[in-house]
Amino acid sequence: MFRYLLEFSYIGTGFRGIQKTILKSDPDCVDVKSVQGCLDLALRVFRPVNEITTVISSRTDAGVHALHSTLHVDLQRRDGIPYCVETVTGVLNRTLYKQGLSIRVLKTSLVPDTFHCRYNALGRTYLYRIAVAKQGITGLDLKNKHFEAYLPVEELDRCHFLHLAPFNVERMREASRMFLGRHDFRTFRNQDRQKGASRDHPMFTVRRIDEITIKPGKSACIGPNAKLAEDLYNYWDIEVRGKSFLYKQVRRIVGSLIALATDRIEEKCIYEMLTIPSKHNWDQRVQIAPAYGLYLCRVHYNEDDLKFQNKCNE
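Worth saying up front: this structure is predicted, and the values here are computed from it rather than measured.

Caption draft 1: Just the packing of aromatic side chains, in detail. A full pass over the atoms with the stated rule returns 10 aromatic pairs. Each ring, one from Tyr4 and one from Tyr83, has its centre 6.3 Å from the other, and the planes form 55°; the classification is tilted. Here Tyr83 lies in the loop between β3 (65-75) and α2 (85-98) and Tyr4 lies in strand β1 (residues 2-10), a separation of 79 residues in the sequence. Judged by its relative accessible area of 1%, Tyr4 is buried. The exposure class assigned to Tyr83 is buried, which follows from its relative accessible area of 8%.

This is the structure we're talking about:
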């Protein structure tokens, strides 16, 4: 039996999330509303002799996208030799395409059987995209008029559009430094529906954020929409890197930074939410950033952990 690492991307709009749900009443039922369930189903075309059990490296919510995510799976071929990794990538992509699924396998690799895509991950980088309306361009007051404003169709459910004034990006950059390092992010955690002794441990909500960068972004529009979008909006990319994150932690961090940049809260509010960790200490003036603006940008590994003699045998 050989272990394979699948690197893949997807648009999360049509999925309930990446992680599959296993029904107690029907454990053999495939969850086709999840990314993992769809990949499980696609892997069946190889007809391995073993049962297919995929392990994902990261969980994302409904509507969240991924530019790069990973899973590992063990497959036993009938003749005992490994599948050609290029063939695995091609067959999976052909199967997913025929089913009209917005999932794309980027690469397949043979990895040691001791490799674990979640435990061996050095860290993850998330990207949050926002577009802020330029003031005075349209001549209209767009505050609270999200549905009256121009939104490029290419960016629907791909970017968080803001029509609030003022928007102070420098204030956002300065405040983002407060999140760096090791903190108890209990205030920035949504209550997870999964239960377990480890999740109740006081240290479970202690995480480290290595880097937050806020830099100008670009529109994903094409043709005449590209110029119009750039004329009407300033795009910003917020990248957050750390080893692991709590449930909705990144979206809560981004939501608090947006609230600060738009003068709904002060720096003191973020400081208090960080230094007095409690699920009751969340400032209700802060809105959690919508899922559709968030992308899992990269899962990071040590290249030595991935080393395996990768031969194409048929």
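Caption draft 2: Here's a closer look at the environment of Pro277. You can see Pro277 is positioned in the loop between α6 (267-275) and β10 (294-300). Along the chain, Pro277 and Asp184 lie 93 residues apart, while their C-alpha atoms are 6.2 Å from each other. Setting aside its immediate chain neighbours within four residues, Pro277 contacts Asp184, Arg186 and Thr187.

Caption draft 3: Layout of the nonpolar core. In terms of nonpolar packing, the biggest core is built from 75 residues, with Ile130 and Phe179 touching the most fellow members. Ranked by residue count, the leading element in this core is helix α5 (residues 249-261), at 8 residues. Core analysis: the second largest hydrophobic core is formed by 10 residues, Ala131, Cys221, Leu232 and Tyr235 among them.

Caption draft 4: Highlighting the environment of Ile270. The residue Ile270 is located in helix α6 in this model. The sequence separation of Ile270 and Leu260 amounts to 10 residues, and the corresponding C-alpha distance is 8.5 Å. In this view, Ile270 contacts Ala175, Met178, Phe179, Ser256, Leu257, Leu260 and Ile265; residues no more than four positions away in its chain are not counted.

Caption draft 5: Region of interest: the packing of helix α1 (residues 35-43) against α2. Axis separation between α1 and α2 bottoms out at 9 Å; the angle between their running directions is 115°. Like other packed secondary-structure pairs, α1 and α2 cross with a definite hand, here right-handed. Side by side, α1 and α2 meet where Cys38, Leu39, Ala42 and Leu43 of the first sit next to Leu92, Thr95 and Leu96 of the second. Residues of the contact of α1 with α2, tallied by class, amount to 6 nonpolar, 1 polar and no charged.

Caption draft 6: Fine view of α6. Those residues of α6 lying buried are Cys269, Ile270, Met273 and Leu274. Seen end-on, α6 carries its buried residues on one side only, within an arc spanning 130°. Its buried side turned inward, α6 meets α3 (169-176), β7 (181-184) and α5.

Caption draft 7: Region of the structure containing unusual backbone geometry. For Arg47, which is not glycine, the phi dihedral falls at a positive 50°. Following the sequence through the fold, Arg47 ends up in the loop between α1 and β2 (54-56). Its relative accessible area of 65% is what places Arg47 among the exposed residues. Located in the positive-phi region is Asp157, a residue other than glycine, with phi close to 60°. Within the secondary structure, Asp157 is located in the loop between β5 (123-133) and β6 (160-162).

Caption draft 8: Summary view of the pattern of salt bridges. For the coordinates displayed, the defined rule picks out 18 salt bridges. Across the pair Arg3 and Asp74 runs a salt bridge whose closest N-O atoms are separated by 2.7 Å. Note that Arg3 is positioned in strand β1 and Asp74 in strand β3, a separation of 71 residues in sequence. Bridged by salt links that share partners, the residues Arg171, Asp263, Glu266 and Glu267 form one connected network.

About the thresholds
Residues numbered from 1 in each chain as written. Predicted model: local features only at pLDDT ≥ 70, side-chain atom pairs only at ≥ 80, totals over all residues. Heavy atoms only, no water. Phe/Tyr/Trp six-rings, centres within 6.5 Å; stacked < 30°, edge-to-face > 60°. Helix = DSSP H or I, 4+ residues; strand = E, 2+ residues; numbered from the N terminus. Buried < 20%, exposed > 50% of the residue type's maximum accessible area, 1.4 Å probe, protein only. Contact = heavy atoms within 4.5 Å. Core = buried A, V, L, I, M, F, W, Y, C linked by side-chain atoms within 4.5 Å. Axes fitted to C-alpha atoms, helices over the stretch in contact; angles between N-to-C directions. Left-handed = near helix turned anticlockwise from the far one by under 90°. Nonpolar A, V, L, I, M, F, W, Y, C, P; charged D, E, K, R; others polar. Arc of directions from axis to C-beta. Salt bridge = Lys/Arg side-chain N within 4 Å of Asp/Glu carboxyl O.

So yeah, pure geometry; function would need other evidence.
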